[in-house]
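In case you want the letters, here they are:
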Amino acid sequence: MVGFGIGGAPQGFTTLSEFLPSKHRARLLGSFQMFWAFGTCFEVFLAYLLIPTLGWRYLVGFSAVPLTIAVLINFKIIPESVRYCMTAGKRRQAMETLETVAKMNNTTLPEGVLVKSKEVERGKLKDLFAKGYVRTTLQLWYLWFTAAFCYYGLVLVSSEILEYDSVCGAAEDWNHGDSEGEVCHCQLLSQNDYLTLIFTTLGELLAIPVNVFLPDIIGRTRLLGLYFLFSAIFTALITVCSTRLFLTITVFAVRALTSGLFNIVYLYTVEVYPTIVRAFAVGSGSAIARVGAMATPFVAQVLLTYYVDSALIVYAVVCFIACILSFSLPIETMGRAIQEM
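Residues numbered from 1 in each chain as written. Predicted model: local features only at pLDDT ≥ 70, side-chain atom pairs only at ≥ 80, totals over all residues. Heavy atoms only, no water.

Draft legend 1. Inspection of the nonpolar core at higher detail. Of all hydrophobic cores here, the largest spans 55 residues; its most connected members are L143, W144, V157, L224, F228, Y273 and Y315. It is helix α13 (residues 244–272) that provides the largest number of residues to this core, a total of 13 residues. Contacts of L224, omitting those with residues within four sequence positions, involve L143, L261, I264, V265, S326 and L329. The next biggest cluster of nonpolar side chains, apart from the first, holds eight residues, and it includes A47, L50, L197 and I198. (Core = buried A, V, L, I, M, F, W, Y, C linked by side-chain atoms within 4.5 Å. Buried < 20%, exposed > 50% of the residue type's maximum accessible area, 1.4 Å probe, protein only. Helix = DSSP H or I, 4+ residues; strand = E, 2+ residues; numbered from the N terminus. Contact = heavy atoms within 4.5 Å.)

Put into structure tokens, the structure is as follows:
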């Protein structure tokens, strides 16, 4: 049930995108990534305070407080998308939203009448495979899968690897099971491990200036391709037997790259599809991403236990394939106005 609720969070990204002009969309949506990064760091800090003393249940309980506040804000403050209202034939609600926005900005609406849009059916799965979108949808679904598979997988990998000083010989250390061969490596993180996790999580902040400026300079598809390419390279570098400092730096870089590419996948999806199917496209992409998130523990925690290098190479290969698909996306959305139908 928790996962079901969290799964609806991406629709906030969709709603915000429909209020923003194309000139500022990438910069504003890119800057919102800082809240994800700060939230992740805060969660690690809470874990540092609560897990060694009170246990994981208290961590989950305290983590629910911001979610409760978010629910209250959603129903009381956040307006419905004007684009959605007009497409759904809710002209009155659209006018009320525009008047509220104008009042918040200490201005008035321009003279004229809001023309009623043509009412259309809500988006369906088949609309994602309409003429001109089949290839885009299939490639994007793989990118969504890879973004979640690699982001959450490398979060798990970093915490697992940091239980030891380096990847050198980690598999031998982990394989200390009982006489029947059962593997058990339940080991609490030390204070230094938590500090390292916070530091590597702060790497996600590095992606913010990249996502604010580069999408409008080199384009969305090229930036996605570069993100996946360097994610593959730095993930492969984690396999190098070196010092803890080198390991921390490479994990820092991977966290920055994987979080940055996730943001661009969101941005590209809301821009490439028309309003009638935009929310459905983001929702379906998010669902595919959840499949990636569910699959990744089998690599990050099962395969990693036996073959550290093999697990990391799996992530590198998956990212490299995504790199090729990103560069070959058929539609570039840089400077493109949001499509209505």
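Draft legend 2. Representation of helix α14 (residues 275–295). Under the 1.5 Å per step criterion, the end-to-end length of α14 is 31 Å for 21 residues, consistent within 8% with the ideal 30 Å. Among the residues of α14, T275, V277, R278, A281, V282, S284, G285, S286, A289 and G292 are the ones counted as buried. (Expected span 1.5 Å × (residues − 1).)

Draft legend 3. Region of the structure containing helix α16 (residues 308–327). An ideal rise of 1.5 Å per residue puts 28 Å on 20 residues; α16 measures up with 29 Å between its terminal C-alpha atoms. Along α16, the residues classified as buried are V308, A311, L312, Y315, A316, V318, C319, A322, C323 and S326. Viewed along the axis of α16, the buried residues span an arc of 160 degrees, placing them on a single side of the element. (Arc of directions from axis to C-beta.)

Draft legend 4. Molecular detail of the pattern of salt bridges. The final tally for this structure, using the stated rule, is three salt bridges. One salt bridge in this structure joins E96 and R92, with 3.9 Å as the shortest N-O distance. Here the residue E96 and the residue R92 both occupy positions in helix α7 (residues 91–104), the gap between them amounting to four residues, near one helical turn. Ionic pairing is found between R220 and D216, a salt bridge with its closest N-O pair at 2.8 Å. Looking at R220, the relative accessible area reads 0%, which means it is buried. The class of D216 is partly exposed, set by a relative accessible area of 27%. Taken together, the shared-partner salt bridges connect D216, R220 and E271 into one network. (Salt bridge = Lys/Arg side-chain N within 4 Å of Asp/Glu carboxyl O.)

Draft legend 5. Molecular detail of unusual backbone geometry. Even without being glycine, N106 reaches a positive phi, approximately 55 degrees. Relative to the elements of secondary structure, N106 occurs in the loop between α7 and α8 (134–161). Judged by relative accessible area, N106 falls into the exposed class, the value being 74%.

Draft legend 6. Just the packing of helix α15 (residues 297–306) against α16, in detail. Across the interface, α15 lies against α16 with an axial gap of 6 Å and an inter-helix angle of 140 degrees. The angle between α15 and α16 places the two elements in the oblique class. Counting all contacts with α15, which are made through V299, A300, L303, L304 and Y306, the residues of α16 involved are V308, S310, A311, V314 and Y315. Tallied by class, the residues present in the contact of α15 with α16 amount to nine nonpolar, one polar and no charged. (Axes fitted to C-alpha atoms, helices over the stretch in contact; angles between N-to-C directions. Parallel < 35°, antiparallel > 145°, perpendicular 65-115°, else oblique. Nonpolar A, V, L, I, M, F, W, Y, C, P; charged D, E, K, R; others polar.)

Draft legend 7. Fine view of a nonpolar patch on the surface. Taken together, L226, F230, I233, L237, V240 and F327 make up a surface patch of nonpolar side chains, about 460 Å² in accessible area. With four residues, the top contributor of residues to the nonpolar patch is helix α12 (residues 220–237). The residue L237 is located in helix α12 in this model. (Patch = residues over 30% accessible without salt bridge, like charges linked within 9 Å, V, L, I, M, F, W, Y side chains within 5 Å. Areas by Shrake-Rupley, 256 points an atom, 1.4 Å probe, with all protein chains shown as cover.)

Draft legend 8. Examining the environment of I331 more closely. Along the chain, I331 falls in the segment after α16. When the C-alpha atoms of I331 and T136 are compared, they prove to be 7.5 Å apart, with 195 residues separating the residues in sequence. Excluding anything up to four places from it in sequence, I331 contacts G132, Y133, T136, T221, Y268, V272 and R336.

Draft legend 9. Seen up close, the confidence of the model for the protein. Model confidence for the protein is summarised by a mean pLDDT of 79, while 82% of its residues fall at 70 or above. Per-residue pLDDT stays below 50 along residues 170–179; that stretch engages in 24 contacts with residues further than four places along the chain or on separate chains. (pLDDT = per-residue confidence, 0-100.)

Draft legend 10. Looking closely at the packing of α12 against α16. Axis separation between α12 and α16 bottoms out at 8 Å; the angle between their running directions is 165 degrees. As summarised for this structure, α12 and α16 are arranged roughly antiparallel, according to the angle between their axes. Crossing of α12 over α16 shows left-handed handedness. Between α12 and α16, the residues in contact are T221, R222, L224, G225, L226, F228, L229, S231, A232, T235 and A236 and L312, Y315, A316, C319, F320, A322, C323, S326 and F327, respectively. By residue class, the composition of the contact of α12 with α16 is 14 nonpolar, five polar and one charged. (Left-handed = near helix turned anticlockwise from the far one by under 90°.)

Draft legend 11. Up close: the environment of L140. On the secondary structure map, L140 appears in helix α8. Distance from L140 to Y268, taken between C-alpha atoms, is 9.0 Å for residues 128 residues apart in sequence. Residues contacting L140, with those up to four places away along its chain left out, are Y268, T269, V272 and Y273.

Draft legend 12. Spatial organisation of the environment of V251. Along the chain, V251 turns up in helix α13. For V251, a relative accessible area of 7% translates into the label buried. Separated by 16 residues in sequence, V251 and T235 place their C-alpha atoms 7.8 Å apart.

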